[in-house]
Every structure is written in C-alpha cells, then in structure tokens.
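Tertiary structure, described
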Amino acid sequence: MRLKLLGVLQDFGSPYASLYINDDNQVMYLAIQQESYKPNIFRFLLMRVPSEMVMDYMQNKVGLRRLSEVSKEKYIWDRTKRSKGVLTSLGHEDVKNRIDSDDDMFDAEFCRNKSSISYYIRQNQ
C-alpha cells in the first residue's frame, strides 16, 4: 500500500484525523491518531472509507465512530517520520473505543483542507 496524504480533516495542534489515498488503487483511508508508548513512533487507526461517507462526515451527518462500524478494512499503522510504517490488520475488531467520543464529529474550525478534500472527492466519484 502506498499511502499519500490527501488532507487533514481535524487538527488539534497535531493532525487527529487525516485522509489518505492509496496510490495503487485510489482507495481512501482515514487515519485517526492513537496514543503511542514508543518514542518517535506515530500510531494511527487506519480505516478504509468510501468517499460518500467522508462527505457525510464533513457535513456532520455521521461521526468517526459510525465510519469505523462500516469500514471493511481496519489497521493499526505505526510509523516514524519519512517511513512507510508497518500496518497491522485489526480484522473485524470493533474499534469505536479507539476513537475519542468528544472528537467524534467533524468541526470545520479545525479542518485545514476541507475545500481541497471536497474538490478531490467530487472530481473522483
């Protein structure tokens, strides 16, 4: 999988929720920051998401927890700066408890790339 950052959906001083595209097949993945107990390792919950659901999230119709319920692919993504990282499949695990309930819904005030993400999705649907 060759993930490329499409944009940051929620930035609370560091990117909390970011949208990636797999360059191999143009599939979208949502990365949600997780707590890491190892120095210099960034940990994310990575979920495959359909573009329609991303738009619903950005319009406050669904939250991140709902997206996690419909996602067919879920991973933990551990990476360091300038590395591709390591993906560990979570299978069909319920990952709602890995998503902070206070940060479940989209907040446009904390989104750096809303217009470019929306444009990309509309152009590629």
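What this report covers is the structure whose coordinates are included nearby. (Residues numbered from 1 in each chain as written. Predicted model: local features only at pLDDT ≥ 70, side-chain atom pairs only at ≥ 80, totals over all residues. Heavy atoms only, no water.)

Quick notes on the sheet that holds strand E2 (residues 15-22)
Note: strands within a sheet are paired through backbone hydrogen bonds, in either parallel or antiparallel orientation. Let me state the cut-off plainly: Whether two strands pair depends on DSSP finding at least two bridges between them. Comment: elements are numbered from the N terminus, with helices defined as DSSP H or I runs of at least four residues and strands as E runs of at least two. Simply put, an axis is a line fit to the C-alpha atoms, just over the touching stretch for a helix, and the angle between two N-to-C directions goes from 0 to 180 degrees. Note on contacts: a residue pair is in contact if any heavy atoms of the two residues lie within 4.5 Å.
One open sheet accounts for 6 strands, arranged E1-E2-E3-E4-E5-E6; its pairing is antiparallel. A strand with exactly one partner marks an edge of an open sheet, and here the two such strands are strand E1 (3-11) and strand E6 (86-89). In this sheet, neighbouring strand axes are inclined to one another by 30° on average, regardless of whether the strands run parallel or antiparallel. Where strand E5 (residues 74-79) meets E6, 4 bridges bridge the pair, whose relative direction is antiparallel. Bridged to Trp 77 within E6 is Leu 87. The strands that helix H1 (residues 51-58) touches are E1, E2 and strand E3 (28-34); relative to E1, the one it contacts most, it runs at about 20°. The strands touched by helix H3 (residues 114-123) are E1, E2 and E3; relative to E1, the strand with the most contacts, the crossing angle is about 130°.

Some points on the pairing of E3
Test applied: Here's how the labels work: a residue is buried when its accessible area is under 20% of the maximum for its type, exposed when over 50%, partly exposed in between, all with a 1.4 Å probe on protein chains only.
Burial analysis of E3 places 6 of its 7 residues in the buried class, which makes it a mostly covered element. Relative to E3, E2 runs antiparallel, the two being bridged by 5 bridges. In the strand pairing of E3, Leu 19 is matched with Leu 30. Joining the antiparallel neighbours E2 and E3 is a turn of 5 residues, in which Gln 26 adopts a positive phi near 65°. Inspection of the sheet shows E3 paired to strand E4 (residues 42-48) by 6 bridges, in the antiparallel sense.

Structural notes on the nonpolar core
Heads up, the rule is: The set of buried Ala, Val, Leu, Ile, Met, Phe, Trp, Tyr and Cys residues whose side-chain atoms join them within 4.5 Å is what this entry labels a nonpolar core.
If you look at the biggest cluster of nonpolar residues, it comprises 28 residues, and the most contacted ones within it are Leu 9, Leu 19, Leu 30 and Leu 67. Going through the elements one at a time, E1, E2, E3, E4, H1, helix H2 (64-70) and H3 are the ones with two or more residues in this core. With 5 residues, H1 is the largest single contributor of residues to this core. Aside from chain neighbours lying at most four places away, what touches Leu 30 is Leu 9, Ala 17, Ser 18, Leu 19, Leu 45, Leu 46, Met 47, Val 49, Leu 64 and Leu 67.

Describing the pattern of salt bridges
Worth spelling out the cut-off: Salt bridges are defined as contacts in which a side-chain nitrogen from Lys or Arg sits within 4 Å of a carboxyl oxygen from Asp or Glu.
Applying the stated criterion across every chain, the model contains 8 salt bridges. Asp 11 is the salt-bridge partner of Arg 112, the closest N and O atoms lying 2.8 Å from each other. Here the residue Arg 112 occupies a position in the loop between E6 and H3, and Asp 11 occupies one in strand E1, the gap between them amounting to 101 residues. On the accessibility criterion, Arg 112 (53% relative accessible area) is exposed. Classification of Asp 11 by relative accessible area gives buried; the value is 18%.

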